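# Descriptive analysis of the structure
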Amino acid sequence: MRWPLIRYIPRATKFRFVRWAPVAAVFSAILLVGAIASLFLQGLNLGIDFKGGNALEIAMSRPVPLADLRAAMNQIGAHDAQVQGFASQPNSAMVKFLPAKGEAPSAASANVERELVKRFPDLKVTSRSEVGAKVSGELLMSGFKALGVALLLTLGYIWFRFGLSYGTGAVVAVIHDIVLTLGLLSVVKIEFSMTEIAALLTVIGYSMNEKVITFDRLKENLRKYKTTPLRDIIDLSENERLSRTIITGTTALLALGGTMIFGGPVLFPLVFTMVFGIIIGTYSSIYIALPLILVWGVKRNDDDATPVKFGAASRP
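Residues numbered from 1 in each chain as written. Predicted model: local features only at pLDDT ≥ 70, side-chain atom pairs only at ≥ 80, totals over all residues. Heavy atoms only, no water.

### Some thoughts on the packing of helix H8 (residues 230-262) against helix H9 (residues 268-296)
Put simply, the rule reads: Fitted lines through C-alpha atoms give the axes, limited to the stretch in contact for helices. The angle between two N-to-C directions lies from 0 to 180 degrees. A run of H or I in DSSP becomes a helix once it reaches four residues, and a run of E becomes a strand once it reaches two; helices and strands are each numbered from the N terminus. Should an angle lie under 35 degrees it is considered roughly parallel, over 145 roughly antiparallel, and from 65 to 115 roughly perpendicular; all remaining angles are considered oblique. Classification used: nonpolar for Ala, Val, Leu, Ile, Met, Phe, Trp, Tyr, Cys and Pro, charged for Asp, Glu, Lys and Arg, polar for all others including Gly.
Close contact between H8 and H9 brings their axes to 10 Å; oriented N to C, the two are set at 180 degrees. Comparing the axis directions of H8 and H9 gives the class roughly antiparallel. Here the contact of H8 with H9 is built from residues that sort into 17 nonpolar, 4 polar and 3 charged.

Here it is, written out as structure tokens:
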């Protein structure tokens, strides 16, 4: 039985995507200026992973009630508190927090430990550690280096498969996605931690996948219509893949939307970033990557693809 709502998705559309490219360019430029301004003026709301702080490894005689432990940390008033469980050791957990301004790290650890033992009599602290700002700064730089390597690999892959103009357009579009995502995180003050680095890498992967599908359809049509203007081929290619984009994008957003609403505060920053990344990645495929190819032009003298005749190899 077919899902009835799919019937309402048009199979053949004739949207003029290129016509709105100048408007989209102005819109993107305004958003980029706002994102960069926010990053410079107020920066990112760095979490404990990048600020440094105290860490307590705890153990209990029963599986650690993570939700109750997080609620207790909030009641204690621990700054930027994080509670992380271990799948292999359900009776253990890691508690991270920042000392209050002017409070010594050792005193902060002692205070938090004392309050936790009051609420959980069977709780024992098995390890205490402090992470300095220097180490956290190095961790932040390592995270952004990972993003840079991902972008370079994106350029290399698309350059190898499609050509330099395609690869450059894709990297510019992905940089556009990353800057806007970081700007949004800065504006809404969502805590930026190692989890957000993972979310940004996921955004890069999804955005690159969209570009590859977009370029693949464009190059296929360039072989079919050798004399058709490039802008018309871009419109044709995007209209041909529009239903696929709607279905896959909506499916991903529905799954992530449920997680964002019911997943709790721990998963919200990760899923929120991924939702925005899917939306902006789809947008940049149409209105950043393709218009750049339109401006730079592409090689159009490739030979027609030779169809493969299955079973031909077995003939004498």
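### Considerations on the confidence of the model for the chain
Test applied: Confidence of the prediction at every residue is given by pLDDT, a number between 0 and 100. Any two residues having at least one pair of non-hydrogen atoms within 4.5 Å are treated as being in contact.
On average, the chain scores 81 in pLDDT, and the residues at 70 or more come to 87%. The element-level mean pLDDT for the chain is lowest in helix H2 (residues 48-51), coming to 72, with helix H1 (residues 21-41) highest at 93. A low-confidence stretch, residues 303-316 (pLDDT under 50), is modelled with 4 contacts involving residues beyond four sequence positions or located in other chains.

### Considering the packing of aromatic side chains
By convention here, two paired aromatic rings are described through the distance between centres and the angle between planes. Quick note on the threshold: The rule is short: rings of Phe, Tyr and Trp, with Trp giving its six-membered ring, pair when the centres are within 6.5 Å, and they are stacked under 30 degrees, edge-to-face over 60, tilted in between. Throughout, exposure labels follow a simple rule: accessible area from a 1.4 Å probe, protein chains only, divided by the maximum for the residue type, with under 20% read as buried, over 50% as exposed, and the rest as partly exposed.
Under the defined criterion, the tally for this structure stands at 5 aromatic pairs. Ring centres of Tyr166 and Phe215 lie 5.1 Å apart, and the angle between their planes is 70 degrees; on these two criteria the pair is classed as edge-to-face. With Tyr166 in helix H6 (residues 164-188) and Phe215 in helix H7 (residues 194-224), this residue pair connects regions lying 49 residues apart in the sequence. In this pair, the class of Tyr166 matches that of Phe215, namely buried. Plain terms: the ring middles of Phe268 and Phe272 are 5.6 Å apart, the flat faces sit at 25 degrees to each other, and that makes the pair stacked. Of this pair, Phe268 and Phe272 are both found in helix H9, 4 residues apart, which corresponds to roughly one turn of the helix. Each residue in the set Phe27, Tyr283 and Tyr287 is aromatic and connected to the rest through ring pairs, giving one cluster.

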